[in-house]
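Observations on the three-dimensional arrangement
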Amino acid sequence: AFTPRVFSGIKPSGGLTLGNYLGAIKRFVGMQGQMETIYCVVDMHAITVWQDPKELANMTREVAAGYLAAGLDPSQSILFNQSQVAAHAELGWIFNCVARVGWMNRMTQFKDKAGSNAEKASLGLYAYPSLMAADILVYHATHVPVGEDQKQHVELTRDIAAKFNHDYKVDFFPATEPVIEGPAMRIMNLRDGTKKMSKSGESDMERINMTDDADKIAKKFKKAKTDPEPLPETVEGLASRPEARNLVEIYAALDDTTPEAVIAQYPGAGWGTFKPALADLAVAKLAPISVEMARFMDDPAEIDRILASGSEKARAIADPILKQTYDIVGL
Ligand code: ADP
Ligand code: NA
């Protein structure tokens, strides 16, 4: 039996979006205090695609500021950045030798990210799910809160743990559970409702950033693409309406409720009613966080101190697990 322990992370590869907030950070905060929680800024993952070195250091601080501003508390959760805990990369190498090339070939996110020019993608981008497995298993984490897009990678993590345990005849790594629940598992962009809202999306208008001010948030929701129909009378009416469903799910996630309850509150409402209500709700929830983020970003040295102290706590858990892994492997 493994002690319940949560691990998750976010790449510092661009500004945090509403997708990161609702699909990840808000849920990280919700799990804090319920079990042991470890939250990472996964900077080693960011460099799988080119990052300007100066920008990268700042983005790492910005993700940390997002964590802190949203309510993660360094006295309740371990908050740190991946590159300060060498055990991740060391276990990642061992897992590169456990995972099979065929498993990596099935990862849909690599296909999306590498696009038509996979030959030119970094080897790191290809192997990244194996490092992600190490991020999780170097803490023997049992629960990983993630958005829908990461489900396949957490399943791969389970496959790596199972193959390691089988090959070395041990019961050493747990079968980690992905925690994918609630209305915010796949927030779509505001332009077409068919692609996930992402830091790296083409235009700023298609995503809400955690640092956007009230005016920007309102403007972006006002311009969000929808069909011309009003909201349905029941939630089933959202089935083949991706843009409408996305806005209702965003509302539900921001308001800690369900799409059913949102539809019950606005049955048959037109967009002229619903979009401003959504914008007001988003501003009420996000504006205080963006103010706090800016306050943290004014004191980068303090963020660095928090990350350094979290890294020390992380190493205290990871290093002994890595040492045992080396012993099992015969290294
Ligand atoms: P991004 O996809 O924005 O580059 P990451 O890959 O670092 O961000 O993802 C960090 C976490 O945020 C993951 O758990 C991911 O599933 C979640 N996430 C990112 N975008 C969304 C989204 N649009 N909807 C729900 N969750 C998301
Ligand atoms: Na992602």
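Every value quoted in this text rests on a predicted model; they were computed, and no experiment measured them.

Structurally, Lys275 can be placed in helix 12 (residues 271–297). Separated by 2.9 Å, the side chain of Lys275 and the backbone oxygen of Lys222 make a polar contact. Among residues more than four places away in sequence, those in contact with Lys275 are Phe221, Lys222, Lys223, Ala224, Thr226 and Leu247.

Below, the discussion takes up the site of ligand 1. The immediate surroundings of ligand 1 are formed by 18 residues, with Lys11, Asp149, Ile187, Lys196 and Lys199 found nearest. Here Ile187 contributes a backbone N or O atom positioned 2.8 Å from a nitrogen atom of ligand 1. Contact distances for ligand 1 include 2.5 Å between an oxygen atom and a side-chain N or O atom of Lys196. Contact with the protein chains covers 97% of the free accessible surface of ligand 1, which is 530 Å². The set of elements that each furnish at least two residues to the shell around ligand 1 consists of strand 1 (5–10) and helix 1 (18–31). Looking at the shell around ligand 1 residue by residue, the classes come out as 7 nonpolar, 6 polar and 5 charged.

Together, Lys216, Lys219, Lys222 and Lys223 make up a region of like positive charge exposed at the surface. As for its position among the elements, Lys222 is in helix 9 (residues 214–223). We classify Lys222 as exposed; its relative accessible area is 67%.

On to the coordination of the sodium ion (ligand 2), then. Under perfect tetrahedral coordination by four donors, a metal shows angles of 109.5 degrees; under perfect octahedral coordination by six donors, it shows angles of 90 or 180 degrees. Those protein atoms acting as donors to the sodium ion (ligand 2) are Asp149 (OD) and Lys196 (NZ), and they sit at 2.6 to 2.9 Å. Placement of Asp149 in the loop between strand 4 (143–145) and helix 8 (151–167) and of Lys196 in the loop between strand 5 (177–179) and helix 9 is noted, with a sequence separation of 47 residues between them.

Glancing now at helix 7 (residues 123–137). The end-to-end C-alpha separation of helix 7 is 22 Å, in line with the 21 Å expected for 15 residues at 1.5 Å each. Bending of helix 7 peaks at approximately 45° at the position of Pro129. By the criterion of burial, helix 7 is predominantly enclosed, with 13 of the 15 residues buried.

All right, on to the pattern of salt bridges then. Under the definition given, this model contains 17 salt bridges. The partner of Asp327 in a salt bridge is Lys323, and the shortest N-O contact between them spans 3.1 Å. Within this pair, Asp327 and its partner Lys323 are both found in helix 13 (residues 300–329), separated by 4 residues, close to a single helical turn. Each of Asp204, Arg207, Asp212 and Lys220 takes part in a single network of salt bridges with overlapping partners.

Our next topic: the packing of helix 4 (residues 87–96) against helix 13. The geometry of helix 4 relative to helix 13 is characterised by a closest axis approach of 10 Å and an angle of 25° between their N-to-C directions. In terms of axis orientation, helix 4 runs roughly parallel to helix 13. You can see that helix 4 and helix 13 cross each other, and the crossing is left-handed. From helix 4, Ala87, Glu90, Leu91 and Ile94 reach across to helix 13, where they touch Ala318, Asp319, Leu322, Thr325, Tyr326 and Val329. By residue class, the composition of the contact of helix 4 with helix 13 is 7 nonpolar, 1 polar and 2 charged.

With that settled, consider helix 1. Since the α-helix advances by 3.6 residues per turn, residues separated by three or four positions end up pointing in the same direction. In a regular helix each residue adds 1.5 Å, so 14 residues correspond to 20 Å; helix 1 covers 19 Å between its end C-alpha atoms and thus fits that length. Maximal helix bending in helix 1 amounts to about 30°, located at Ile25. For helix 1, the tally of buried residues reaches 11 of 14 residues, placing the bulk of the element in the interior. Three or more residues of helix 1 are buried, namely Leu18, Gly19, Asn20, Tyr21, Leu22, Gly23, Ala24, Ile25, Arg27, Phe28 and Met31. If you check the start of helix 1, you find a side-chain oxygen 3.1 Å away from the backbone N of Gly19, and it comes from Thr17. Of the residues one or two after helix 1, Gly33 is the one with positive phi, at around 90°.

Moving on, we come to the domain arrangement of the protein. Taken domain by domain, the protein holds domain 1 (5–179 + 300–329) and domain 2 (204–294). On a C-alpha basis, the centroid separation for the pair domain 1 and domain 2 is 30 Å. In this assembly, 12 residues from domain 1 lie in contact with 14 residues from domain 2. Taking both sides of the interface into account, the surface hidden between domain 1 and domain 2 amounts to around 1100 Å²; carbon and sulfur atoms contribute 75%. A per-residue breakdown of the area domain 1 buries against domain 2 is headed by Leu18, Tyr21 and Ala69, which together make up 43% of the total. Our count for the domain 1 to domain 2 interface comes out at 1 salt bridge.

Judged by how many residues are buried, strand 3 (residues 77–81) sits mostly within the fold: 5 of 5 residues are covered. Of the two faces of strand 3, both are covered, the one formed by Ser77, Leu79 and Asn81 as well as the one formed by Ile78 and Phe80.

Here is what the cut-offs are and how they apply
- Residues numbered from 1 in each chain as written.
- Chains lettered and ligands numbered in written order.
- Predicted model: local features only at pLDDT ≥ 70, side-chain atom pairs only at ≥ 80, totals over all residues.
- Heavy atoms only, no water.
- Helix = DSSP H or I, 4+ residues; strand = E, 2+ residues; numbered from the N terminus.
- Polar contact = N/O pair within 3.5 Å; in protein donor to acceptor, adjacent residues only side chain to side chain.
- Contact = heavy atoms within 4.5 Å.
- Near = heavy atom within 4 Å.
- Areas by Shrake-Rupley, 256 points an atom, 1.4 Å probe, with all protein chains shown as cover.
- Nonpolar A, V, L, I, M, F, W, Y, C, P; charged D, E, K, R; others polar.
- Patch = residues over 30% accessible without salt bridge, like charges linked within 9 Å, V, L, I, M, F, W, Y side chains within 5 Å.
- Salt bridge = Lys/Arg side-chain N within 4 Å of Asp/Glu carboxyl O.
- Lys, Arg positive; Asp, Glu negative; His and termini not counted.
- Charge placed at Lys NZ, Arg CZ, Asp CG, Glu CD.
- Buried < 20%, exposed > 50% of the residue type's maximum accessible area, 1.4 Å probe, protein only.
- Donors = N, O, S within 2.8 Å, 3.2 Å for Na, K, Ca; no water.
- Expected span 1.5 Å × (residues − 1).
- Bend = angle between axes of the 7 residues up to and from the residue.
- Axes fitted to C-alpha atoms, helices over the stretch in contact; angles between N-to-C directions.
- Parallel < 35°, antiparallel > 145°, perpendicular 65-115°, else oblique.
- Left-handed = near helix turned anticlockwise from the far one by under 90°.
- Domains from an automatic or database assignment.
- Buried area = accessible area lost by both parts, 1.4 Å probe.

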